[in-house]
Amino acid sequence: MRSCRSWTPSLLPSSSSQSSSEYGHQARVRTFGVAVEFDLGKPIIFCVNPSNIPWVDGVVQDGKLRVFKWPSMEIILDEANSHASVRDLDFSPDGKFLVSVGSGGPGRVWDVTSSKPVASLPKEQDEIFAFCRFSHSDKNPVLYITSMRGQGGSIVRWEISSWKRMSTKQVVRDPVCAFNVSADGKLLAVGTIEGDVLIINSANMHVHNVVRKAHLGLVTALMFSEDSRALVSASLDSSARVTVIKDAKKNALKTCHRLESGSRL
């Protein structure tokens, strides 16, 4: 799994794998049968390491970052003040680094092995970071962070050996509320508060396709299929939509993709 998930434990049914106590003050998150407790009612951001090394889980609640070692669920990183509030997390493809973004300061890069911060990702003036995703391309791995300024939503690219900002490209006028990267690293997906879904060519950062009003409410989640031929989007309006990307591998670098938008589920 290459994406983060957030939820409010108090809203989960007791039968869920991420369950909460009906009468207590603790929420319980189950990971392959191992339970970890958190304060009830506070949002949780959860991210799973994509590599095969033993550190698999990153969890943030109320600005507190924890990384657990699998399968013992031993806490190997416990940072009480990672950010004033955390928006997103993502592990690097090799599982060695964890990036977190949030309010009240720059993005941060953590060395999972040493459990220490190794880099700071500074914001420009009036810039707000929202989402972070590593590209899982073997050829040119980079880190993407979505940002918001007065003129609209942008995507920032970072080089992952020096952690230096490479480029910033505005892609939409509306705030970005969902973001993801395809498994082959060639496509980026952006969802907006207006319910629009955009597909972007990562090579030149050009917007090739826009599905206007894909949802009636703001987009809450995006996920590419493993072959990068389809994109699933979900919304606050309780709808889900599948957009089929025709010949994604052949046409990813051409001027236009042909899209078919599936019915709402």
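Conventions used here
Residues numbered from 1 in each chain as written. Predicted model: local features only at pLDDT ≥ 70, side-chain atom pairs only at ≥ 80, totals over all residues. Heavy atoms only, no water. Helix = DSSP H or I, 4+ residues; strand = E, 2+ residues; numbered from the N terminus. Contact = heavy atoms within 4.5 Å. pLDDT = per-residue confidence, 0-100. Pairing = 2+ DSSP bridges. Axes fitted to C-alpha atoms, helices over the stretch in contact; angles between N-to-C directions. Core = buried A, V, L, I, M, F, W, Y, C linked by side-chain atoms within 4.5 Å. Buried < 20%, exposed > 50% of the residue type's maximum accessible area, 1.4 Å probe, protein only. Lys, Arg positive; Asp, Glu negative; His and termini not counted. Salt bridge = Lys/Arg side-chain N within 4 Å of Asp/Glu carboxyl O. Polar contact = N/O pair within 3.5 Å; in protein donor to acceptor, adjacent residues only side chain to side chain.

A. Quick peek at the overall build of the protein. Scanning the protein for helices and strands turns up one helix and 24 strands. Summarising the internal contacts of the protein: among those between residues at least 6 apart in sequence, 38% fall at separations of at least 24.

B. Main features of the confidence of the model for the protein. Summing up the model confidence of the protein, the mean pLDDT is 76 and the portion of residues at 70 or higher is 68%. In the model, residues 52–56 has pLDDT below 50 throughout and makes 18 contacts with residues more than four positions away in sequence or in other chains. Under a pLDDT of 50 for its full length, residues 251–265 has, in the predicted model, 48 contacts with residues more than four places off or in other chains.

C. Spatial organisation of the sheet that holds strand β15 (residues 152–159). With antiparallel pairing, the four strands of this open sheet are ordered in space as β13-β14-β15-β16. Edge strands, defined here as strands with exactly one partner in the open sheet, are β13 (128–134) and β16 (164–172). Geometrically, the sheet is characterised by an average inter-axis angle of 25° between neighbouring strands, direction not taken into account. The sheet contact formed by β15 and β16 spans seven bridges and is antiparallel. If you follow valine 156 over to β16, its bridge partner there is threonine 168.

D. Spotlight on the nonpolar core. Counting residues in each nonpolar core, the largest one holds 15 residues, and the members touching the most others are Tyr144, Ile155, Phe179, Leu188, Val190 and Ile200. If you list the elements that add at least two residues to this core, you get β13, β14 (142–149), β16, β17 (176–181), β18 (187–192) and β19 (197–201). By residue number, the principal contributor to this core is β17, which donates three residues. If near-sequence neighbours (up to four positions away) are discounted, isoleucine 200 is found in contact with Ile155, Val171, Lys186, Leu187, Leu188, Val190, Met205, His206 and Val207.

E. Here's a closer look at the side chain of aspartate 90. In this fold, aspartate 90 is placed in strand β9 (residues 85–91). Although aspartate 90 lies buried, it forms no salt bridge, and the closest oppositely charged side chain, arginine 133, sits 5.0 Å away as judged by the N-O distance. A distance of 2.8 Å separates a polar side-chain atom of aspartate 90 from the backbone nitrogen of phenylalanine 134.

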